[in-house]
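Summary of structural features
Letter by letter, the chains look like this.
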Amino acid sequence: MVDADRITGAAKELGGKVQGTVGDLTGSKRDSAEGRAREAQGAAENLYGQAKDTVRDAAEHVADTARDIGGRVRDTVGSLIGSDDVEDRARRAQGAAADTYDRAERSVRGAGREAYDRAEDAYENGGRYLRQGGREATDRIAEHPVAALLVAGLLGYGVGLLIHRRD
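I will try to describe carefully the structure that is included in this document. (Residues numbered from 1 in each chain as written. Predicted model: local features only at pLDDT ≥ 70, side-chain atom pairs only at ≥ 80, totals over all residues. Heavy atoms only, no water.)

**A word on the overall build of the protein**
Within the protein one finds four helices and zero strands. Traced from its N-terminal end to its C-terminal end, the protein shows the element sequence α-α-α-α. Relative to the compact-globule value of 15 Å for 167 residues, the protein shows a C-alpha radius of gyration of 28 Å, a clear excess of over 25%. Once the C-alpha set of the protein is aligned to its principal axes, its extents read approximately 95 × 35 × 20 Å. (Helix = DSSP H or I, 4+ residues; strand = E, 2+ residues; numbered from the N terminus. Rg over C-alpha atoms; globule rule 2.2 N^0.38 Å.)

Here it is, written out as structure tokens:
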């Protein structure tokens, strides 16, 4: 089962791309910046959902393995009933399997928290870099409006050529 954060993250990412592109095409700096921020937020949320899926899958695998080991221990003990030494070893083995499961589960959950923290940091840094880049671009355009207009015109012409060649 796919985590809901992956689905909503992918939707936000796509919506942000669309909004950013529309902002770029219409010249709306606000829409462009908001779109890029929304895209980064969606990507981070998608990564968080992927991390949760990975943690859940790993925890289920560890639980299945522990149940399998417990079943094997139980089967072995069942075939050797009557021996106190075997029963004691079986109990210790089952306890060791439970301890291993608990350690693995804590480790997997820790890895999930770390992945979430890294995704959150990446989102925050991405937003900060996006805002900084927007300010830089605005400053450069304000310093050289004619050059910016020429570059935008050339880019538009290039996109027009690419689209025309596809037809």
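Having put the structure on the table, let's press on.
**Brief notes about helix α1 (residues 4-26)**
Its 23 residues place the ends of α1 33 Å apart at the C-alpha level, agreeing with the 33 Å of an ideal helix rising 1.5 Å per residue. Turning to α1, its buried residues number three or more, namely Asp5, Gly9, Gly15, Gly16, Gln19, Gly20 and Gly23. Positive backbone phi, at 85°, marks Gly27, one or two positions downstream of α1. (Expected span 1.5 Å × (residues − 1). Buried < 20%, exposed > 50% of the residue type's maximum accessible area, 1.4 Å probe, protein only.)

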